[in-house]
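Commentary on secondary and tertiary structure
Listed below, chain by chain, are the residues.
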Amino acid sequence: MKLEKSTLLGNKTVQISGSKSISNRLLILESLFNTIKIGNLSNSQDTQLLKKALSETTEIVDIHHAGTAMRFLTSYYSIAEGKITVLTGSGRMKERPIKNLVTALQNLGVEIEYMENEGFPPLKIHGRKITQTQVNVPANISSQFITSLLLIAGKLENGLEINLVGEVTSRSYIEMTLDILTKFGIKTHFTGSTIQVEPFTTDAETTTVNYEVESDWSSASYFYSICALGRETIHLKSFYKESTQGDSAIAKIYEEFFGIKTIFSEDEHKLTLQPHPNFSFPEKIILDMNNCPDIAQTLCVTAAALKIPFDISGLGTLKVKETDRLSALHIELKKLGTETEITDLTVKSISFNEPQENISIKTYQDHRMAMSFAPFCLIKELNIEEEEVVEKSYPMFWKDLESILIR
Ligand SMILES: O=C(O)C1=C[C@@H](OP(=O)(O)O)[C@@H](O)[C@H](O)C1
Ligand SMILES: C=C(OP(=O)(O)O)C(=O)O
């Protein structure tokens, strides 16, 4: 996608589709318990892939690059008594770890085989009735393993006690799952590092839950970046003041470091992003983003574009997402003139120079690489390679971007 040097049109409204994370949780719960009326379901490809998988009865299920779908379906098929499912995905999915989840399910009595490499998809799952009630799961690789078990826990005869072992990563996503389970009528208790889930009662099973999905805060993050660089007001819909999405942290982060105030209009579920006209930018941004890893790329590109030094930690999960996001950032930020130093957990700016001529950003099959670098067109023209990657989470991204820019 060739993006010419642009300016931001003020006062435009962008309607973003429902949260991919919330939608994918609801689809699994709907399929297990059949009692949800979902509004504003995500139009992301990942959600469509999960929906399709849940409606199929074939033995082989290919989930492509949808990480949450891969992880959530692993537990889902584990309790499909008597059913054998081969769960596979894209080349990259076969490099994304799943061992901690598989071991937990094996320890609960499910038979799961690795069909290629130990610890990675594809998996052959022999669905069983789980009767055990307690399981330990290392929680430092992906919170999706914990969510996956939480989503099926209410379906087990005696519920489930999950002990989170070690450091807990992306904790906000576990809290989001617990919030959804509670709204759904499944009782959970999170104390210390133990989560207890009670079995779903028949009463709760017969009540229909109406769930209006809040729009996606990870998608909203790109408009915070655009607002920080373009310094005009943007409106976003449909969001709530009290969000269960960890990425809603973007509002506070962009207010503190880039002077973007967020005004919530409760009745319209609208956010107004308002740039402070005389904001003095900080000398340095120091931030732990363990709780909101998906907006790390957004922040790094904004800071690089504004040449504000940054030192971001808590990024241990970025290596095992759609691509190794830390090395992708390191390579592509150079093209914007920003040299960085990366470790397994951090990214830190070292120096800021002039951006290159004829910038062309590689996206490494990662939607967030494309969307996080796009706002740089407010500074200088650039090309984003393999623009279609945005479909994974935000198919309307280029159209929405176009609607708020003047060339
Ligand atoms: O549960 C979820 O919906 C997600 C959890 C996070 O993954 P990790 O827990 O692997 O960091 C996040 O990065 C991903 O985009 C969505
Ligand atoms: C990491 C992501 O998704 P998933 O893990 O579900 O593939 C993401 O959307 O940034």
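Positions within a chain are numbered from 1, following the residues in the order the chain's sequence is written. The naming scheme follows written order: chains are lettered A onward, ligands numbered 1 onward. Reporting of local features is limited, given that this is a predicted model, to residues whose pLDDT is at least 70; pairs of side-chain atoms are given and counted only at 80 or more, and all residues count toward the totals for whole chains, interfaces and linings. To obtain the side-chain values, all non-hydrogen atoms of the structure were used and water was disregarded.

As for the pairing of strand β7 (residues 111-114)
Accessibility here uses a 1.4 Å probe with only protein chains present; expressed as a share of the type maximum, an area under 20% marks a residue as buried, one over 50% as exposed, and anything in between as partly exposed. Numbering of helices and strands starts at the N terminus; helices are DSSP runs of H or I of at least 4 residues and strands are runs of E of at least 2. Alternating residues of β7 divide into Ile-112 and Tyr-114, all buried, and Glu-111 and Glu-113, none buried. The criterion for strand pairing is that DSSP finds at least two bridges linking the strands in question. Inspection of the sheet shows β7 paired to strand β8 (residues 123-126) by four bridges, in the antiparallel sense. In the sheet register, Glu-111 faces β8, and the bridge partner there is His-126.

Focus: the domain arrangement of the chain
In this entry, domain limits derive from an automatic or database-based domain assignment. Assigned domains within the chain: domain 1 (2-17 + 214-406) and domain 2 (21-212). Inter-centroid distance (C-alpha atoms) of domain 1 to domain 2 is 29 Å. Counting residues at the interface gives 25 residues for domain 1, matched by 25 residues for domain 2. Defined here as a combined quantity, buried area equals the accessible surface (1.4 Å probe) lost by two parts on assembly, summed across both. Between domain 1 and domain 2, roughly 2,000 Å² of surface is buried when both sides are summed, and carbon and sulfur atoms account for 41% of that area. If you sort the residues of domain 1 by the area they bury against domain 2, Ser-17, Thr-244 and Lys-392 come out on top, with a joint share of 30%. When a carboxyl oxygen of Asp or Glu is within 4 Å of a side-chain nitrogen of Lys or Arg, the pair counts as a salt bridge. Joining domain 1 to domain 2, the criterion identifies one salt bridge. Asp-46 is the salt-bridge partner of Lys-392, the closest N and O atoms lying 2.8 Å from each other. Here a polar contact means two N or O atoms within 3.5 Å. Within protein one must be a hydrogen donor candidate and the other an acceptor candidate, and residues neighboring in sequence count only if both atoms are side-chain atoms. If you look at where domain 1 meets domain 2, you find 16 residue pairs in polar contact (both at pLDDT 80 or more). In the scheme used here, Gly and all other residues not listed as nonpolar or charged are polar, with Ala, Val, Leu, Ile, Met, Phe, Trp, Tyr, Cys and Pro taken as nonpolar and Asp, Glu, Lys and Arg as charged. Broken down by class, the residue content of the side of domain 1 that touches domain 2 amounts to six nonpolar, 10 polar and nine charged. Note on definitions: a residue-residue contact is assigned when non-hydrogen atoms from the two residues lie within 4.5 Å.

So, the packing of helix α9 (residues 249-258) against helix α10 (residues 296-305)
In this analysis an axis means a line fitted to C-alpha atoms, helices contributing only their contacting stretch, and an angle means the value between N-to-C directions, from 0 to 180 degrees. α10 packs onto α9 with a crossing angle of 15 degrees between their chain directions and a minimal axis gap of 12 Å. Here α9 is positioned roughly parallel relative to α10, judged by the angle of their axes. In this structure, the crossing between α9 and α10 has a hand that is right-handed. Here Ile-253, Tyr-254 and Phe-258 of α9 come into contact with α10, specifically with Thr-298, Leu-299, Thr-302 and Ala-303. Tallied by class, residues from the contact of α9 with α10 come to five nonpolar, two polar and no charged. Small angles under 35 degrees read as roughly parallel and large ones over 145 as roughly antiparallel, with 65 to 115 read as roughly perpendicular and the rest as oblique. Crossings are sorted by hand: turned counterclockwise from the far helix by less than a right angle, the near helix makes the crossing left-handed, and turned clockwise it makes it right-handed.

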